[in-house]
Amino acid sequence: GYGVELTFRMFEVEEEADCGYDYMEAYDGYDSSAPRLGRFCGSGPLEEIYSAGDSLMIRFHTDDTISKKGFHARYTSTKFQDALHMKK
């Protein structure tokens with residue numbers, strides 16, 4: 001009966017218009033066949049991400065050129081799943 005809430009404390013990866021080099025993706029389920037909630041790159045605060053069900057998958061992709069600080073995220077269980085916060 002709980003969902004996953006993902007909160008970013010810091011996010012800084014290489015920025016590119018289509019987020020094609022370094023990025024973090026979030027999926028609303030156990031694997032990448034689940035609906036994608038967003039692909040994120042660049043820097044700055046991100047909105048919280050909420051799963052609709054009981055799982056959330058995070059995938060981080062990076063290449064071997066520009067290096068940034070990365071990201072620091074925190075996850076917790078939540079009963080409040082009224083709205084999915086998406087940023088694509």
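Cut-off values and rules
Throughout this description, residue numbers start from 1 for each chain and increase along the sequence as written. The predicted nature of this model means local features are confined to residues of pLDDT at least 70 and side-chain atom pairs, given and counted, to a pLDDT of 80 or more, with totals for whole chains, interfaces and linings taken over all residues. Calculated side-chain values reflect all of the structure's heavy atoms, with hydrogen atoms and water omitted. Strands are runs of DSSP state E lasting at least two residues, helices are runs of H or I lasting at least four, and both sets are numbered from the N terminus onward. Whether a residue is buried, partly exposed or exposed follows from its accessible area with a 1.4 Å probe, protein chains only, as a fraction of its type maximum: under 20%, in between, or over 50%, in that order. Pairing between strands is defined by DSSP: at least two bridges between the two strands are required. Axis lines are fitted through C-alpha atoms, for helices just across the contact stretch, and the angle between N-to-C directions can take any value from 0 to 180 degrees. Every residue pair with non-hydrogen atoms within 4.5 Å of one another is taken to be in contact.

Trainee: Hey, could you run me through unusual backbone geometry in this one?
Mentor: With glycine set apart, most residues show a phi of negative sign, and most peptide bonds adopt trans. The phi dihedral of Cys 19 is positive, around 50 degrees, even though this residue is not glycine. Tracing the sequence through the fold places Cys 19 in the loop between strand 1 (3–12) and strand 2 (23–27). We classify Cys 19 as buried; its relative accessible area is 11%.

Trainee: What should I look at first to understand the sheet that holds strand 5 (residues 57–61) in this one?
Mentor: The strands making up a sheet are joined through hydrogen bonds of the backbone, oriented either antiparallel or parallel. Spatially, 3-2-5 is the arrangement adopted by the three strands of the open sheet, whose pairing is antiparallel. Two strands close off the open sheet at either side, each with one partner strand: strand 3 (36–40) and strand 5. Put simply, the sheet's adjacent strands are angled 15 degrees from each other on average, direction ignored. Pairing geometry for strand 2 and strand 5, over five bridges, is antiparallel. Note that in strand 5 the partner of Tyr 23 across the bridge is His 61.

Trainee: So what exactly am I meant to see when it comes to the environment of Thr 65 here?
Mentor: Its place among the elements puts Thr 65 in the loop between strand 5 and strand 6 (70–78). Overall, the relative accessible area of 52% leaves Thr 65 in the exposed class. Along the backbone, Thr 65 and Tyr 21 are 44 residues apart, and their C-alpha atoms lie at a distance of 8.8 Å.

Trainee: What's the story with the pairing of strand 1 in this structure? I'm lost.
Mentor: The buried count for strand 1 comes to seven of 10 residues, which makes it a mostly enclosed element. Looking at chain direction, strand 1 and strand 4 (residues 49–50) are connected through two bridges and run antiparallel. Its bridge partner being in strand 4, Leu 6 is matched across the sheet by Ile 49.

Trainee: Is there a simple way to explain the sheet that holds strand 1 in this structure?
Mentor: Taken together, the three strands give an open sheet; going across it, the order is 4-1-6, and neighbouring strands pair in antiparallel fashion. Looking along the sheet, the strands with just one partner apiece sit at the ends: strand 4 and strand 6.

Trainee: Please clarify how the environment of Leu 56 should be interpreted in this entry.
Mentor: Within the secondary structure, Leu 56 sits in the loop between strand 4 and strand 5. For Leu 56, a relative accessible area of 19% translates into the label buried. Taking the C-alpha atoms as reference points, Leu 56 and Tyr 30, 26 residues apart in sequence, are found 6.1 Å from one another. Apart from residues no more than four positions distant in its own chain, Leu 56 is found in contact with Val 4, Leu 6, Tyr 27, Asp 28, Gly 29, Leu 37, Ile 49 and Ser 51.

Scope: geometric values only; no functional claims are made or implied.
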